[in-house]
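Here is what each chain is made of, one letter per residue.
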Amino acid sequence: MIGTLQVAGFLEHSTVNGEGFRSVLFLSGCPHHCPLCHNFEMQNMNYGEQVDYESILKRIAKVLPLIDGLTLSGGEPFIQATSLIPFLKHIKSKWNLSIWCYTGYTYEALCENALHKELLQLIDVLIDGPFVAELKDANLKYRGSSNQRILKINQNKPPELLYY
Ligand code: SF4
């Protein structure tokens, strides 16, 4: 399959970016500019490099027997929705991998945009909302500030709030 993503980084496996043992794909570019952003350099759309789908798939394939899924982080993954949709469709049909995704948008805001809604349908768990420094809590699992929600995305039904 042909296509590219602007990639800020890739972790083969992590236990702090979602449930289980997960690969993490960091996508470049973010419009939210949260004060005290933990990935400041990734706000730049030109940070990192353009990587073709096949190269990313090969990196995931290498660790596939070890991982429980793939997490998308950044940056703001949804600004690359046009490229992420075919990429995730391929991953789902090839491996049926569980997909977690971090976003600075709220779930409700994403639902107002047709392209974002299409991408949401390929995601299993969404961690939504911007990072708010005043609400930072180091005891929270998988999220940085208490305004952020961990949402299990359901097809044709409202999402379910998950607690960790
Ligand atoms: S959404 Fe994430 S990457 Fe974007 S500015 Fe906020 S903390 Fe940084």
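The structure this text deals with has already been given above.
Residues numbered from 1 in each chain as written. Predicted model: local features only at pLDDT ≥ 70, side-chain atom pairs only at ≥ 80, totals over all residues. Heavy atoms only, no water.

Draft legend 1. Geometry of the side chain of S14. Positionally, S14 belongs in strand β1 (residues 4–14). The exposure class of S14 is buried, given its relative accessible area of 9%. A polar side-chain atom of S14 sits 2.8 Å from a polar atom in the side chain of N17. Excluding residues that lie within four positions of it along the chain, S14 makes contacts with G20, F21, R22 and V24. (Helix = DSSP H or I, 4+ residues; strand = E, 2+ residues; numbered from the N terminus. Buried < 20%, exposed > 50% of the residue type's maximum accessible area, 1.4 Å probe, protein only. Polar contact = N/O pair within 3.5 Å; in protein donor to acceptor, adjacent residues only side chain to side chain. Contact = heavy atoms within 4.5 Å.)

Draft legend 2. Representation of the pattern of salt bridges within the structure. Applying the stated criterion across every chain yields a total of five salt bridges. Two residues, E108 and R149, come together in a salt bridge whose shortest N-O distance is 2.8 Å. Here the residue E108 occupies a position in helix α3 (residues 107–110), and R149 occupies one in strand β7 (residues 149–152), the gap between them amounting to 41 residues. Look at E108 and you get partly exposed, because its relative accessible area is 42%. Using a relative accessible area of 26% as the deciding quantity, one classes R149 as partly exposed. Among the ionic contacts, a cluster of salt bridges with common partners joins E108, D128 and R149. (Salt bridge = Lys/Arg side-chain N within 4 Å of Asp/Glu carboxyl O.)

Draft legend 3. Up close: the pairing of strand β5 (residues 98–102). Extensive coverage of β5 is indicated by the burial of four of its five residues. Here strand β4 (residues 69–74) pairs with β5 via four bridges, running parallel. Paired with L72 across the bridge in β5 is C101. Taking the sense of rotation as the criterion, the β-α-β connection linking β4, helix α2 (residues 81–95) and β5 turns out right-handed. (Pairing = 2+ DSSP bridges. Right-handed = clockwise from strand over helix to strand, strands pointing away.)

Draft legend 4. Broad picture of the nonpolar core. Residues L5, L25, I60, L70, L72 and F87 are the most contacted members of the largest nonpolar core, which totals 33 residues. Taken together, the elements giving at least two residues each to this core come down to β1, β2 (22–27), α1 (53–63), β4, α2, β5, α3 and α4 (114–120). Here the element with the most residues in this core is α2; it accounts for six residues. Beyond its immediate stretch of four places on either side in the chain, L70 contacts R22, S23, V24, L25, I60, F87, I91, L97, S98, I99 and W100. Ranked by size, the runner-up nonpolar core spans seven residues in total, among them I127, Y142, I150 and L162. (Core = buried A, V, L, I, M, F, W, Y, C linked by side-chain atoms within 4.5 Å.)

Draft legend 5. Fine view of the site of the ligand. Around the ligand, the neighbouring residues are C30, H32, H33, C34, C37, H38, Q43, G74, G75, G104 and F131. Residue composition of the shell around the ligand, by class: four nonpolar, seven polar and no charged. (Near = heavy atom within 4 Å. Nonpolar A, V, L, I, M, F, W, Y, C, P; charged D, E, K, R; others polar.)

Draft legend 6. Fine view of the packing of α1 against α2. Packing of α1 against α2 leaves a shortest axis separation of 12 Å and a crossing angle of 35°. Where α1 crosses over α2, the two elements pack in a sense that is right-handed. Contacts from Y53, I56, L57, I60 and A61 of α1 reach α2 at S83, P86, F87, H90, I91 and W95. Of the residues in the contact of α1 with α2, the class split is nine nonpolar, two polar and no charged. (Axes fitted to C-alpha atoms, helices over the stretch in contact; angles between N-to-C directions. Left-handed = near helix turned anticlockwise from the far one by under 90°.)

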